[in-house]
Amino acid sequence: MRILFIGDIFGRPGRTIVRDKLKDLVRDHRIDLVLANGENAAAGFGITPALAEDLFDLGIDVLTTGNHVWDKREIIDYFASADGNAHSPARRVLRPANYAKDLQGRVFMASNDDPFRTADELLSKITEKIIFVDLHAEATSEKVAMGWYLDGRVTALIGTHTHVPTADERVLPGGTAYMTDVGMTGPYEGVIGVKKELIIGRFLNNMPVRFEPATGDARLCAVVIDADESSGKARSIERVMLT
Ligand SMILES: [Fe+2]
Ligand SMILES: [Fe+2]
């Protein structure tokens, strides 16, 4: 099985480059399954049901998210609409596994459960061979540690969230494809997606600013993972950056 995982799709520039490049990417790399992180699809902040379904129409099979998952309120009802309906498209939008299970009140607090123990708990229940983990985290050390922790237990563990691609893709000895951060799919003429003048200004004077998405130098960052379906182990991982 050949899996394409696209890094954080940021605003219109990210969505546009996915629209322009995805078909050829899928054909050229003989991709069977397309995953993407969509937490920044709505102008950098969250994702709406309509945008999620636009991305599904472009050929993405499953969307992961991250800390921005709740930025657009509509997504809460969307998740609720999937309850008990196995065929709802909302089932194809995933939220972080270690967020508090109670949707009301607690989700806006950044008190996540331990991702290591959450991974153990989930893996004790999963019987599928092919297991893909999007680890949405800031610290490279945490991501590297989790890569080693899950080596041989998952097909791939790929980091997201920093919006800066790393150059450390490899298949770990136990057969887990690993990369610390796949990078952003969006405008690189900015600061991790936001207009650079706004961010530089904030560093200079410490004043709060309203973030606006950058526009220039759109790139699509992704990885292609080739996995053995019978063992669930990765054979190879290849880093992709398209402009
Ligand atoms: Fe992001
Ligand atoms: Fe994030």
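One can find the structure itself at the top, above this paragraph.
Residues numbered from 1 in each chain as written. Chains lettered and ligands numbered in written order. Predicted model: local features only at pLDDT ≥ 70, side-chain atom pairs only at ≥ 80, totals over all residues. Heavy atoms only, no water.

> I'd like to hear about the pairing of strand S9 (residues 218–227), residue by residue, with values.
Counting buried positions over the 10 residues of S9 gives 8, a clear majority of the element. Two elements, strand S1 (residues 2–6) and S9, share 5 bridges in a ladder whose sense is antiparallel. Note that in S9 the partner of Arg 2 across the bridge is Asp 226. As judged from the 2 bridges shared by strand S8 (residues 186–187) and S9, these two strands associate in the antiparallel manner. In the sheet register, Gly 186 faces S9, and the bridge partner there is Arg 219. By the bridge criterion, 8 bridges tie S9 to strand S10 (residues 234–242) in an arrangement that is antiparallel. Counterpart to Ala 227 in the pairing with S10 is Ala 234. In this antiparallel pair of consecutive strands, S9 and S10, the connection spans 6 residues, and Gly 232 shows a positive phi of 80°. (Buried < 20%, exposed > 50% of the residue type's maximum accessible area, 1.4 Å probe, protein only. Helix = DSSP H or I, 4+ residues; strand = E, 2+ residues; numbered from the N terminus. Pairing = 2+ DSSP bridges.)

> So what's going on with the packing of helix H2 (residues 49–57) against helix H3 (residues 74–81)? Residues and values would help.
Interaxial distance between H2 and H3 falls to 9 Å at its minimum, and their mutual angle equals 65°. Touching Pro 49, Ala 52, Glu 53 and Phe 56 of H2 are Glu 74, Ile 75 and Tyr 78, all from H3. Counted by class, the contact of H2 with H3 contains 5 nonpolar, no polar and 2 charged residues. (Axes fitted to C-alpha atoms, helices over the stretch in contact; angles between N-to-C directions. Contact = heavy atoms within 4.5 Å. Nonpolar A, V, L, I, M, F, W, Y, C, P; charged D, E, K, R; others polar.)

> How would you explain the coordination of the iron ion (ligand 2) if you had to name every residue and give the values?
Looking at the iron ion (ligand 2), the protein donor atoms are Glu 39 (OE), Asn 67 (OD1), His 136 (NE2) and His 161 (ND1), and they sit 2.1 to 2.2 Å from it. Viewed at the metal, the 4 donor atoms of the iron ion (ligand 2) are separated by angles of 84 to 150°, and the geometry they form is irregular. Look at where the donors of the iron ion (ligand 2) fall in the sequence and you get E-x27-N-x68-H-x24-H. Note on Asn 67: relative accessible area 36%, which makes it partly exposed. By relative accessible area, His 161 is classed as buried at 19%. (Donors = N, O, S within 2.8 Å, 3.2 Å for Na, K, Ca; no water. Tetrahedral: all angles 85-135°; square planar, octahedral: opposite > 155°, others 65-115°.)

> Outline the coordination of the iron ion (ligand 1), supporting the account with residue identities and numerical values.
Around the iron ion (ligand 1), the donor atoms from the protein are Asp 8 (OD), Glu 39 (OE), Asn 40 (OD1) and His 163 (NE2), and they sit 2.0 to 2.2 Å away. Taken together, the 4 donor atoms coordinating the iron ion (ligand 1) span angles of 86 to 159° at the metal, a pattern that classifies the geometry as irregular. Between the donor residues of the iron ion (ligand 1), the gaps in sequence give the motif D-x30-E-N-x122-H. A separation of 3.4 Å is found between the iron ion (ligand 1) and the iron ion (ligand 2), which share Glu 39 as a coordinating residue.

> Can you tell me about the environment of Arg 12, naming the residues and giving the values?
With respect to the element layout, Arg 12 can be found in helix H1 (residues 11–28). With relative accessibility at 60%, the residue Arg 12 sits in the exposed group. Distance in space between the C-alpha atoms of Arg 12 and Ala 214 is 9.6 Å, their sequence separation being 202 residues.

> Can you lay out the sheet that holds strand S6 (residues 170–171) for me, pointing to particular residues and giving the numbers?
Read across the open sheet, the 4 strands follow the order S4-S5-S7-S6; overall the sheet is mixed. Bordering the open sheet on either side are strand S4 (132–136) and S6, each of which pairs with just one other strand. Those strands touched by helix H5 (residues 140–150) are S4, strand S5 (156–160), S6 and strand S7 (177–179), and its axis lies near 170° from that of S5.

> I'd love a proper account of the packing of helix H4 (residues 115–125) against H5, names of residues and values included.
Their axes nearest at 11 Å, the elements H4 and H5 cross at an angle of 30°. Put simply, H4 runs roughly parallel to H5. In this structure, H4 meets H5 at a crossing whose hand is right-handed. Packed against H4, whose contacting residues are Pro 115, Phe 116, Ala 119, Asp 120 and Leu 123, the element H5 presents Glu 142, Ala 145, Met 146, Tyr 149 and Leu 150 at the interface. Its residues assigned to classes, the contact of H4 with H5 shows 8 nonpolar, no polar and 2 charged. (Parallel < 35°, antiparallel > 145°, perpendicular 65-115°, else oblique. Left-handed = near helix turned anticlockwise from the far one by under 90°.)

> Give a detailed account of the side chain of Thr 48, specifying residues and quantitative values.
Its place among the elements puts Thr 48 in the loop between strand S2 (33–37) and H2. On the basis of relative accessibility, which here comes to 13%, the residue Thr 48 falls in the buried class. Side-chain polar atoms of Thr 48 contact the backbone nitrogen of Leu 51, separated by 3.1 Å. (Polar contact = N/O pair within 3.5 Å; in protein donor to acceptor, adjacent residues only side chain to side chain.)

> Can you tell me about the pairing of S1, naming the residues and giving the values?
The buried fraction of S1 amounts to 5 of the 5 residues, a majority that puts the element mostly inside the structure. Of the two faces of S1, the one holding Arg 2, Leu 4 and Ile 6 and the one holding Ile 3 and Phe 5 are both buried throughout. Sheet topology note: the S1/S2 ladder contains 4 bridges and is parallel. Its bridge partner being in S2, Ile 3 is matched across the sheet by Leu 33. The β-α-β motif built from S1, the intervening H1 and the parallel element S2 has right-handed crossover chirality. (Right-handed = clockwise from strand over helix to strand, strands pointing away.)

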